Amino acid sequence: NDKNLQMDECIFPQNMARSIKIPVFVLNSQYDAWQIPNILGSNNATIINEYGANFTRLLKDNFLKYSDESKGIVYGGYIDGCYHHAAENP
């Protein structure tokens with residue numbers, strides 16, 4: 001509903017959460033097997049762990065905070081510590 005957003009920005013949780021009026025439960029890997037080589041571009045364990053911690057923090061700060069139990073809108077999530085992409089090899 002934010003008319004200031006570009007069309008491709010609507011897929012990001014911090015933008016879409018404000019419009020979803022049903023409970024949502026996110027399942028995701030903290031260490032995404034596609035994002036690490038293609039976006040992060042590093043095999044350094046320290047950098048990868050920092051990336052995973054930042055991902056978890058951003059999910060909490062930009063998605064889960066939009067829960068509103070008084071309206072029955074509750075978001076949740078399970079972030080596993082496995083190295084995989086989406087439903088591949090969970």
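Whatever comes next refers back to the structure up there.
First things first, this report covers the structure right here in the doc.

The rules behind these values
For every chain, the first residue of the written sequence is number 1, and numbering continues from 1 along that sequence. The predicted origin of the model limits local features to residues at a pLDDT of at least 70 and limits the giving and counting of side-chain atom pairs to 80 or more, whereas totals for whole chains, interfaces and linings rest on all residues. Derived side-chain values reflect all non-hydrogen atoms in the structure, with water molecules and hydrogen atoms excluded from consideration. The salt bridge criterion pairs a side-chain nitrogen of Lys or Arg with a carboxyl oxygen of Asp or Glu, the two atoms within 4 Å. Secondary structure follows DSSP: runs of H or I at least 4 residues long count as helices, runs of E at least 2 residues long count as strands, and numbering of each begins at the N terminus. Type-normalised accessible area, obtained with a 1.4 Å probe on protein chains alone, sets the label of each residue: buried when under 20%, exposed when over 50%, and partly exposed for intermediate values. Here a residue-residue contact requires only that any non-hydrogen atoms of the pair lie within 4.5 Å. Any residue with relative accessible area above 30% and no salt bridge may belong to a patch, with like charges joined within 9 Å and the nonpolar Val, Leu, Ile, Met, Phe, Trp and Tyr side chains within 5 Å. Residue exposure ignores everything except the shown protein chains as possible cover, and the areas themselves are Shrake-Rupley values with a 1.4 Å probe. One less than the number of residues in a helix, times 1.5 Å, gives the span that helix is expected to have. In this description, one arc is meant: the one made by directions from the helix axis to the C-beta atoms.

### A closer look at the pattern of salt bridges
Thinking step 1. Under the defined criterion, the tally for this structure stands at two salt bridges.
Thinking step 2. Linking Asp-61 and Arg-57 is a salt bridge whose minimum nitrogen-to-oxygen distance equals 3.8 Å. With Asp-61 and Arg-57 both in helix α3 (residues 45-62), this residue pair falls four residues apart, about one helical turn.
Thinking step 3. In this structure, the salt-bridge partner of Asp-68 is Lys-71, at a minimum N-O distance of 3.9 Å.
Thinking step 4. Asp-68 sits in the partly exposed class, given a relative accessible area of 25%.

### Digging into the side chain of Ser-42
Thinking step 1. Here Ser-42 lies in the loop between α2 (35-40) and α3.
Thinking step 2. Overall, Ser-42 belongs to the buried group, its relative accessible area being 15%.
Thinking step 3. Ignoring anything within four residues of it in the chain, the contact list for Ser-42 reads Ile-36, Ile-47 and Ile-48.

### Observations regarding a nonpolar patch on the surface
Thinking step 1. On the surface, a nonpolar cluster with roughly 390 Å² of combined accessible area is contributed by Phe-25, Leu-27 and Tyr-78.
Thinking step 2. Within the secondary structure layout, Phe-25 lies in strand β1 (residues 24-32).
Thinking step 3. Phe-25 sits in the exposed class, given a relative accessible area of 55%.

### Observations concerning α3
Thinking step 1. If you check α3, its first and last C-alpha atoms are 25 Å apart, about what 18 residues at 1.5 Å a residue would give, namely 26 Å.
Thinking step 2. What α3 keeps buried is the set Ile-48, Tyr-51, Gly-52 and Leu-59. The arc that holds the buried residues of α3, viewed along the axis, is 95°, so those residues lie on one side. Exposed residues lying more than 90 degrees from the buried face of α3 are Thr-46, Glu-50 and Lys-60.
Thinking step 3. Those residues of α3 that are buried are in contact with β1, α2 and β2 (75-84).

### Examining the environment of Tyr-78
Thinking step 1. By the element assignment, Tyr-78 lies in strand β2.
Thinking step 2. Spatially, the C-alpha atoms of Tyr-78 and Phe-25 are 7.6 Å apart, while their sequence positions differ by 53 residues.
Thinking step 3. When near neighbours in sequence (up to four residues on either side) are disregarded, Tyr-78 contacts Phe-25, Val-26, Leu-27 and Asn-28.

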